[in-house]
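Now for the letters of each chain:
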Amino acid sequence: MDDKDAVPASVTVTRNGPYQVSGNLPLSRQVIGSNAGGESMRWEAGRDYPHATRYSLCRCGHSANKPFCDGTHQRIAFDGTETASREPYAAQAKLIRGPAMSLTDAEALCAFGRFCDPNGSVWNLVDASDAAAARAAFTRQTCDCPSGRLVAWDNATGKPVEPAYAPSIGVIEDPAKDCGGPLWLRGGVQLVGADGFRYEVRNRMTLCRCGASQNKPFCDGTHAAIGFRDGG
Ligand code: FES
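About the cut-offs
- Residues numbered from 1 in each chain as written.
- Predicted model: local features only at pLDDT ≥ 70, side-chain atom pairs only at ≥ 80, totals over all residues.
- Heavy atoms only, no water.
- Domains from an automatic or database assignment.
- Contact = heavy atoms within 4.5 Å.
- Buried area = accessible area lost by both parts, 1.4 Å probe.
- Salt bridge = Lys/Arg side-chain N within 4 Å of Asp/Glu carboxyl O.
- Polar contact = N/O pair within 3.5 Å; in protein donor to acceptor, adjacent residues only side chain to side chain.
- Helix = DSSP H or I, 4+ residues; strand = E, 2+ residues; numbered from the N terminus.

Draft legend 1. Main features of the domain arrangement of the chain. Assigned domains of the chain: these are domain 1 (3-84 + 165-225) and domain 2 (89-161). Of note, the centres of domain 1 and domain 2, computed from C-alpha atoms alone, are 23 Å apart. Contact with domain 1, which involves 26 residues of that partner, is made by 20 residues of domain 2. Of the roughly 1,700 Å² buried between domain 1 and domain 2 on both sides combined, carbon and sulfur atoms contribute 49%. For the pair domain 1 and domain 2, the interface holds one salt bridge. For the salt bridge of Asp174 with Arg114, the shortest nitrogen-to-oxygen distance reads 2.7 Å. Across the contact surface, domain 1 and domain 2 share 11 residue pairs in polar contact (both at pLDDT 80 or more). Put simply, the parts of the chain that give the side of domain 1 that touches domain 2 at least two residues each are strand E4 (40-48), strand E10 (168-174), strand E11 (179-186), strand E13 (204-207) and helix H6 (222-225).

Encoded structure:
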């Protein structure tokens, strides 16, 4: 049996240190593509990092070898205390019902991807979701939310609409805001806390890599406010 079969894909938060990744998870840059007005419109795949079965990703924001850890967290005495809610998504989210689609919104998970904003915002589009064009925009924009703060639900089936992602990690870049963003866990990767807590597995999650989130281990958008750059 090779390592790929032997080790389940997971990301483990280490105490005041990096994320330890195991299970052969592909790593690539993912860029927020915007229109002339700076609105987030599409995800653009950037370069792939060389394959590795296991690797450590910087969580303090100060590695000289981002996105990988170089041990700087020890020198700067990084405080990586996990402060985020450990309640399941459903317990954190508000429900907004529209005529054909509904929206659930767990605001604390916002990673400032801004895909929600175009076309009058998903909070207004959901109210018009009985119209095909509004429904299509609502669904696309909600599915593009990297953190999974926003989830679209089909009222006819009662089921969420989720993009299909293979288990992988994206290193987000946000050229419109001239900053680097969080790590994007896609495809249902198990996240494990420093104390062994197994966070709810979700299709889309964003992890802080600038070190400044107040909602660790998740991104809270602070990377944009501090102009985080990774030199990539
Ligand atoms: S990467 Fe978003 S707050 Fe740190």
